[in-house]
Every structure is written in structure tokens, then in C-alpha cells.
Amino acid sequence: MPVLTARPVLARPGPAPAGDRGPVERAAVDGALAAAGPETLVRTDIPQPDGSVRLYAAWTDGGRSLANHIDRVALARGLDA
């Protein structure tokens with residue numbers, strides 16, 4: 001995903017934050033998931049106002065069954081940690 005290093009010339013300031021970052025974070029994660037292909041593990045790091053980072057990890061369509069298959073193979077071979 002491209003990252004803006006400077007505000008576009010025609011950009012206007014957005015609305016003031018309401019305090020609940022949940023809907024905005026969810027929209028960012030949903031956008032990252034929509035941009036990825038099937039059977040992909042998508043990790044989205046969301047910086048927090050206090051300097052920490054909140055991590056979201058989710059599979060796209062078909063990913064859960066792929067992950068379960070990989071896990072079963074690894075367990076059968078003693079490779080799962």
C-alpha cells in the first residue's frame with residue numbers, strides 16, 4: 001500500500017477524532033483484506049496515539065482451510081511448535 005509522505009495539495013483537514021478508533025481501524029483492516037488475494041494471511045499494524053502498535057492478523061477467503069491443512073501436516077510430522 002502506498003504511504004503519503006506529505007498531504008496532497010487539495011486535501012482538506014478531516015473531522016476531529018471522536019475518541020473511538022475502532023471503526024477506523026476496522027475499515028483499514030477490511031481494506032487490507034480486500035486488496036489481498038485468496039488464501040493470504042494479512043497482517044495490519046495500526047499505530048496508536050500512545051506510541052504503541054495494535055496488530056491485526058486475519059486470513060482472506062480460503063485461508064482458514066489452508067491453515068488447518070498446513071497445521072495437520074505439520075502436527076503429523078512433528079514439526080509444529
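Before reading on, note that the structure itself is shown above.
In this report, we go over the structure that sits alongside the text. (Residues numbered from 1 in each chain as written. Predicted model: local features only at pLDDT ≥ 70, side-chain atom pairs only at ≥ 80, totals over all residues. Heavy atoms only, no water.)

## A few points about the overall build of the protein
Part 1 of the argument: The helix and strand tally for the protein stands at two helices and two strands.
Part 2 of the argument: Ordered by position from the N terminus, the helices and strands of the protein form the series α-β-β-α.
Part 3 of the argument: Here the protein holds 81 residues, and 14% of them are scored as buried.
Part 4 of the argument: Pairs at least 24 apart in sequence give 25% of the contacts found in the protein among residues at least 6 apart.
Part 5 of the argument: Element-wise, carbon and sulfur atoms account for 59% of the exposed surface of the protein, whose accessible area totals about 6800 Å². (Helix = DSSP H or I, 4+ residues; strand = E, 2+ residues; numbered from the N terminus. Buried < 20%, exposed > 50% of the residue type's maximum accessible area, 1.4 Å probe, protein only. Contact = heavy atoms within 4.5 Å. Areas by Shrake-Rupley, 256 points an atom, 1.4 Å probe, with all protein chains shown as cover.)

## Describing helix 1 (residues 22-35)
Part 1 of the argument: The first and last C-alpha atoms of helix 1 sit 20 Å apart over 14 residues, in line with the 20 Å expected at 1.5 Å per residue.
Part 2 of the argument: All of the buried residues along helix 1 are Glu25, Val29, Ala32 and Leu33. Along helix 1, the residues classed as buried sweep out an arc of 100° about the axis, all on the same side. Exposed and oriented more than 90 degrees from the buried face of helix 1 are Pro23, Val24, Ala34 and Ala35.
Part 3 of the argument: Looking at the buried residues of helix 1, the elements they touch are strand 1 (41-47) and strand 2 (53-59). (Expected span 1.5 Å × (residues − 1). Arc of directions from axis to C-beta.)

## Thoughts on the pairing of strand 1
Part 1 of the argument: Here strand 1 shows one buried face, formed by Val42, Thr44 and Ile46, and one open face, formed by Leu41, Arg43, Asp45 and Pro47.
Part 2 of the argument: As judged from the seven bridges shared by strand 1 and strand 2, these two strands associate in the antiparallel manner. In the sheet register, Val42 faces strand 2, and the bridge partner there is Ala58.
Part 3 of the argument: Linking two consecutive strands that pair antiparallel, namely strand 1 and strand 2, is a turn of five residues; a positive phi of about 95° is found at Gly51 within it. (Pairing = 2+ DSSP bridges.)

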